[in-house]
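Okay, here's what each chain looks like letter by letter:
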Amino acid sequence: MATPLLRLRNIRKQYSQGDAFLEVLKGVDVDIYAGEFVAIMGASGSGKSTLMNILGCLDRPSSGTYEFAGQEVSHLKDDELAWLRREAFGFVFQSYHLIAASNASENVEIPAVYAGLPAAKRRERAQQLLTRLGLGDRLYHTPSELSGGQQQRVSIARALMNGGSIILADEPTGALDSQSSQEVMVLLSELADEGHTVILITHDAQVAQHAERVIEFKDGMIINDTGHNKNKQTPLPPKLLNLKSAASSKSVSVLVESLEAISMALRSLKENWFRTVLTLLGIVIGVGSVVAMLAIGQGAKDDVLERFSSMGTNLLVVQPGADRFARRSADGGMTSLLPEDVPVLAQLANVKAAVPESTTGVTARAGGLDTTTRVNATSADYPMLRDWLPQEGVFFSHEDNDRYAAVAVIGQSVARELFPQGGPVGEFVLLNNIPFQILGVMSEQGATPWGQDADDIIFIPLSTGSLRVSGNRYVDRITVAVFDTASIEQTEEALRQALVQQHNGNEDFRVRNMASIVASATAANNTLTILLGSIAAISLLVGGIGVMNIMLVSVTERTREVGIRMATGARTRNILQQFLVEAVVVSILGGIIGVLGGLGVAALIGAWLMPVTFSIPIMVLAFACAAGTGLVFGFTPALKAARLDPVIALSS
Ligand code: ADP
Ligand code: MG
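Analysis parameters
Residues numbered from 1 in each chain as written. Chains lettered and ligands numbered in written order. Predicted model: local features only at pLDDT ≥ 70, side-chain atom pairs only at ≥ 80, totals over all residues. Heavy atoms only, no water. Helix = DSSP H or I, 4+ residues; strand = E, 2+ residues; numbered from the N terminus. Rg over C-alpha atoms; globule rule 2.2 N^0.38 Å. Buried < 20%, exposed > 50% of the residue type's maximum accessible area, 1.4 Å probe, protein only. Pairing = 2+ DSSP bridges. Domains from an automatic or database assignment. Near = heavy atom within 4 Å. Polar contact = N/O pair within 3.5 Å; in protein donor to acceptor, adjacent residues only side chain to side chain. Areas by Shrake-Rupley, 256 points an atom, 1.4 Å probe, with all protein chains shown as cover. Nonpolar A, V, L, I, M, F, W, Y, C, P; charged D, E, K, R; others polar. Patch = residues over 30% accessible without salt bridge, like charges linked within 9 Å, V, L, I, M, F, W, Y side chains within 5 Å. Salt bridge = Lys/Arg side-chain N within 4 Å of Asp/Glu carboxyl O. Axes fitted to C-alpha atoms, helices over the stretch in contact; angles between N-to-C directions. Parallel < 35°, antiparallel > 145°, perpendicular 65-115°, else oblique. Left-handed = near helix turned anticlockwise from the far one by under 90°. Contact = heavy atoms within 4.5 Å. Expected span 1.5 Å × (residues − 1). UniProt positions renumbered as here; feature names shortened; annotations may be inferred.

Caption draft 1: Region of interest: the overall build of the protein. When helices and strands are counted, the protein shows 21 helices and 20 strands. Here the C-alpha atoms of the protein give a radius of gyration of 44 Å, more than 25% beyond the 26 Å that 2.2 N^0.38 yields for 652 residues. For the protein, the C-alpha atoms occupy an extent of roughly 135 × 55 × 45 Å along the three principal directions. The buried share of the protein, taken over its 652 residues, is 52%.

Have a look at this one:
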């Protein structure tokens, strides 16, 4: 006696219903041999579909043993069960279970996709099968464009795609008119004649007549069985004999599988384009803002650094105040630095020049025009210190300072305001109603590191300034230039000591070197960059949550599709991959658009508003974040889909 292909012993299936158990299968014993055409017949609700789901490894029995070609099925792993569904069984359902968005040919191809057949081959085979079943002119119709009978023939073609050794047909004619039913039954009979094992489930005695063997089923039990025709001995199909090794053999390369998953993801994203656009938008905004914000932050930082470093790194700045010795003048200014301090500093070793500055706001008038500007009372060394020379005329001299001369050198902005026709040199400008003769006009400087207009300024001698403009002798700042930058720290210390002595032991001033000034400016800008970056990161996070949300909806919506794919042999990892790849494809697409969009916005801002710096690492980072977002936030939904139980997914 040959080994049965399928051997069931005492198979039971219970469903819990609240506190009670509903026993649907009450101990089924049956042997089905290779090549048989068996009809399982019984009333509706008698448990036939439940039995078929167990036979087809879509469901597991509550108890009992089920052997497939001598192998106990309950010992098989998920991938081995998927292999059986893919390579051994072909399902034909009452409601066809075709994927609505795919055309006839694509539906038929699905089992071969999971079996790893190359695209051209499986298309050819799908079209051969469809042509053979009379659908040669309907290859590219979607299920909704086909009649019930045609859809059922598509599902039969799908069942045959990977060979369909065992065809499990659950009420295949249940939804068809008599003409189509007749055609489907003829087809199943033909397949049985060709050597396929056909298990047909029906409640209709007439339909059951087509089979060679009829098993009558009632209330979860077999009540009659016409039995196996012992004269008909078909050997077990060889490929099903050692399913363990076949199922574990790696027939599909990771690359092919990934490409397949990507093309599937692209198709499904295209089908749900509106949803895709919404998801994309979240990622695009997130990535775009990361790129734009960081470009702006970096740009601001670089700009400040550049302006400071253009001022020179050989400078020490002495400012009044800083501690409890600081005194304040009536107008709130610090009063600890005086003009007498300047020569003390100038005569120190390594000091090239010490330049005092005292700035006052004034209204300057000339020829009926006026402008509000700043007066910088300073020394004749200022141009040398700043490396900033007059463009026309000359700067004032030390003699001008010594004799309290009412002379001025004006910046380009002041020149434009007061002398629109040009030619200011030699003219007079009124500062606080005192006429100052203009000796020169400075060259154009642009913005200061603090973002002010450096050219909106008037230079006058320090002595004249304190006497005639500010009315006090206090110096706002003394800038010291050194010869040797390497020993600037020693010079700074010497300077501090000299000045403390000059100030009768009070350290009522601050000394800062350019390096520390740049460092604090950079720190302020770093804070800005981090702030902007975190706002952007939050929007990327929101985008990621959007991806997750939409993927979860998508999984819920496509539960039945997942069931169909599992029934046609998809492994857990295929489903996981499909949804994960969808999430990552959306995110990467969003990442690309986001990086480009962010660059565009930053470029516009750079052209009109403020400096920006593009950095490749930041773009790569933003892009990687997008892809990572897809992976992280797509994983939960993908896992949810992959963990679905095939029967439950199918019946959703
Ligand atoms: P048939 O295919 O013979 O009409 P089924 O196998 O579909 O019968 O169902 C048999 C019985 O099991 C029915 O009473 C049905 O309500 C019940 N049943 C089927 N699936 C479930 C389930 N997932 N949970 C609870 N009861 C179920
Ligand atoms: Mg049923």
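And the narrative resumes.
Caption draft 2: Spatial organisation of the sheet that holds strand S1 (residues 6-17). Pairing is antiparallel across the open sheet formed by 4 strands, whose spatial order is S2-S1-S4-S5. In this open sheet, the two edge strands, each paired with only one partner strand, are strand S2 (20-32) and strand S5 (71-72).

Caption draft 3: Region of the structure containing the domain arrangement of the protein. By domain assignment, the protein separates into domain 1 (6-250), domain 2 (264-305 + 520-650) and domain 3 (322-507). Distance from the C-alpha centre of domain 2 to the C-alpha centre of domain 3: 54 Å.

Caption draft 4: Looking closely at the site of ligand 1. In the vicinity of ligand 1, the residues found are Tyr15, Val24, Ala43, Ser44, Gly45, Ser46, Gly47, Lys48, Ser49 and Thr50. A distance of 3.5 Å is found between a nitrogen atom of ligand 1 and a side-chain nitrogen or oxygen belonging to tyrosine 15. Between ligand 1 and serine 49, the relevant distance is 2.7 Å, taken from an oxygen atom to a side-chain nitrogen or oxygen of the residue. When ligand 1 sits alone it has 560 Å² of accessible area, and the protein chains cover 59% of it. Here the shell around ligand 1 gets 3 residues from one element, more than from any other, and that element is helix H1 (residues 48-55). Of the residues assigned to the shell around ligand 1, the class counts are 3 nonpolar, 6 polar and 1 charged.

Caption draft 5: Spatial organisation of a nonpolar patch on the surface. Taken together, the side chains of Trp273, Phe274, Val277, Leu278, Leu281 and Ile285 make up a nonpolar region of the molecular surface, amounting to roughly 630 Å² of accessible area. Mapped onto the elements, leucine 278 comes out in helix H10 (residues 273-311).

Caption draft 6: Seen up close, the packing of helix H9 (residues 254-271) against helix H19 (residues 572-608). Viewed as axis vectors pointing N to C, H9 and H19 meet at an angle of 60°, and their least axial separation amounts to 8 Å. Here H19 runs oblique to H9, going by the angle between their axes. Along this stretch, H9 crosses H19, giving a crossing that reads as right-handed. Within the contact between the two elements, H9 uses Glu257, Ala261, Ile262, Met264, Ala265, Leu266, Ser268 and Leu269 and H19 uses Arg573, Asn574, Gln577, Gln578, Val581, Glu582, Val585 and Val586. When its residues are assigned to classes, the contact of H9 with H19 shows 9 nonpolar, 4 polar and 3 charged.

Caption draft 7: Expanded view of helix H6 (residues 178-193). Across its 16 residues, H6 extends 22 Å between first and last C-alpha, which sits within 8% of the 22 Å expected from 1.5 Å per residue. Packed against the buried residues of H6 are strand S3 (37-42), helix H4 (119-132), helix H5 (148-160), strand S7 (166-170), strand S8 (197-202) and helix H7 (205-208). With a side-chain oxygen positioned 3.1 Å from the backbone nitrogen of glutamine 179, the residue opening H6 is aspartate 177.

Caption draft 8: View of the pattern of salt bridges. In total, this model carries 27 salt bridges according to the counting rule given. Between arginine 138 and aspartate 137 there is a salt bridge, and its shortest N-O distance comes to 3.2 Å. Take arginine 138: its relative accessible area is 26%, and that puts it in the partly exposed class. Measuring nitrogen to oxygen at the nearest pair gives 2.8 Å for the salt bridge that ties arginine 558 to glutamate 582. Residue arginine 558 is located in the loop between helix H17 (514-557) and helix H18 (559-567), and its partner glutamate 582 is located in helix H19; the two are separated by 24 residues in the primary sequence. Per residue, the accessibility class of arginine 558 equals that of glutamate 582, and both read buried. Because the salt bridges share partners, they merge into one network encompassing Glu109, Arg122, Arg123 and Glu260.

Caption draft 9: How the structure looks around the UniProt feature "transmembrane region" (unreviewed entry) in the protein. In this structure's numbering, the residues bearing the UniProt feature "transmembrane region" (unreviewed entry) are residues 273-296, 530-555, 575-608 and 614-635. Secondary structure across residues 530-555 divides into 100% helix and 0% strand, with the first and last C-alpha atoms of the span separated by 37 Å. In the segment residues 575-608, helix accounts for 100% and strand for 0%; the C-alpha atoms at its two ends are 49 Å apart.

Caption draft 10: Seen up close, the pairing of S1. In this sheet, strand S4 (residues 63-68) lies alongside S1 in antiparallel orientation, the contact comprising 5 bridges. Residue pairing in the sheet places arginine 7 in a bridge with glutamate 67 of S4. By the bridge criterion, 10 bridges tie S1 to S2 in an arrangement that is antiparallel. Paired with isoleucine 11 across the strands is valine 28, a residue of S2. Linking S1 to S2, which pair antiparallel, is a turn of 2 residues; within it glycine 18 sits at a positive phi near 65°.

Caption draft 11: Region of interest: the environment of leucine 81. Relative to the elements of secondary structure, leucine 81 occurs in helix H2 (residues 78-88). Linking leucine 81 and alanine 570, residues 489 residues apart in sequence, is a C-alpha distance of 9.9 Å. With sequence-adjacent residues up to four places away left out, leucine 81 is seen in contact with Cys57, Arg60, Val73 and Leu76.

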